[in-house]
Structure formats: C-alpha cells, structure tokens
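# Reading the structure
So the chains spell out like this:
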Amino acid sequence: MALQKRRRGPARTGHQRSAWMRKSGENRPLVQACPNCSGPRIPHRVCMACGFYDGKAVIKVKTADAAE
Ligand SMILES: [Zn+2]
C-alpha cells in the first residue's frame, strides 16, 4: 500500500483547492469588475488597468498619455 512521505502543507492545500473551486464553480466568474475603474480584474489581484488594490494605488500603470 502506498504511504505518503510528507504531510501536505496549508499553502499547497489551498493552491489545489482554489483550482478545484475554479473548476467546479460555473456561476463563479474568474474576472470581476474593478471597483475603481470598473474594468475587468481578477479578484485578489491588482487591477492591471488602473493599478488599484484595496482602494489604493499600489502600482504605477504605464499609459500612452502619461509622459514620464
Ligand atoms: Zn481598475
């Protein structure tokens, strides 16, 4: 009989579990609207359009009009 060598840690468990949830959830959209710019954004990720996360500008987004 096969016996597992090591215990699976919480990070590894959560990683696989999020994949299951993503696969099983038909009514759970992967992309949601950004609360700042209402553009498409993956939940729990920084918005790539405006660079906002949790109501704050976290990263600077390169735009065509902003000359730096
Ligand atoms: Zn945004």
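The text that follows walks through the structure, step by step, so that each part is easy to find. If you're wondering where the values come from, they're calculated on a predicted model, not measured in any experiment.

### Let's talk about the overall build of the protein
Of regular secondary structure, the protein possesses one helix and four strands. For the protein, the sequential pattern of α-helices and β-strands runs α-β-β-β-β. A total of 68 residues make up the protein; the buried ones form 10% of that total. Taking the intrachain contacts of the protein between residues at least 6 apart in sequence as the baseline, contacts between residues at least 24 apart amount to 0%.

### Topic: a nonpolar patch on the surface
Side chains of M48, Y53, V58 and I59 sit close together on the surface and give an oily, nonpolar patch of about 390 Å² of accessible area. By secondary structure assignment, the location of V58 is in the segment after β4 (56-57).

### Let's talk about the coordination of the zinc ion
The protein atoms donating to the zinc ion are C34 (SG), C37 (SG), C47 (SG) and C50 (SG), with metal-donor distances spanning 2.2 to 2.3 Å. For the zinc ion, the four donor atoms are set out with angles of 106 to 114° between them, so the coordination reads as tetrahedral. Between consecutive donors of the zinc ion, the numbers of intervening residues give the motif C-x2-C-x9-C-x2-C. Taken together, the positions of C37 in the loop between β1 (32-33) and β2 (40-41) and C47 in the loop between β2 and β3 (52-53) put the pair ten residues apart, joining distant regions of the chain.

### Focus: the environment of K60
With respect to the secondary-structure elements, K60 resides in the segment after β4. For the pair K60 and C50, spaced ten residues apart in sequence, the C-alpha separation works out to 7.9 Å.

### What about the environment of K62?
Counting through the fold element by element, K62 comes out in the segment after β4. Using a relative accessible area of 84% as the deciding quantity, one classes K62 as exposed. The spacing of K62 and C50 is twelve residues in sequence and 9.2 Å in space, taken between C-alpha atoms.

### Points about the side chain of R41
Mapped onto the elements of the fold, R41 is located in strand β2. Summary of buried charges: R41 has no salt-bridge partner, and the nearest side chain of opposite charge, D54, is 8.1 Å away. Ignoring sequence-local partners within four residues, the contact set of R41 consists of L30, V31, Q32, C34, P35, V46, C47 and Y53.

### Comments concerning unusual backbone geometry
Of note, the phi angle at S38 is positive, near 55°, even though the residue is not glycine. For S38, the location among the structural elements is in the loop between β1 and β2. If you check the backbone angles, H44 has positive phi at about 65° while not being a glycine. Take H44: it is sitting in the loop between β2 and β3.

About the criteria used
- Residues numbered from 1 in each chain as written.
- Predicted model: local features only at pLDDT ≥ 70, side-chain atom pairs only at ≥ 80, totals over all residues.
- Heavy atoms only, no water.
- Helix = DSSP H or I, 4+ residues; strand = E, 2+ residues; numbered from the N terminus.
- Buried < 20%, exposed > 50% of the residue type's maximum accessible area, 1.4 Å probe, protein only.
- Contact = heavy atoms within 4.5 Å.
- Patch = residues over 30% accessible without salt bridge, like charges linked within 9 Å, V, L, I, M, F, W, Y side chains within 5 Å.
- Areas by Shrake-Rupley, 256 points an atom, 1.4 Å probe, with all protein chains shown as cover.
- Salt bridge = Lys/Arg side-chain N within 4 Å of Asp/Glu carboxyl O.
- Donors = N, O, S within 2.8 Å, 3.2 Å for Na, K, Ca; no water.
- Tetrahedral: all angles 85-135°; square planar, octahedral: opposite > 155°, others 65-115°.
- Lys, Arg positive; Asp, Glu negative; His and termini not counted.

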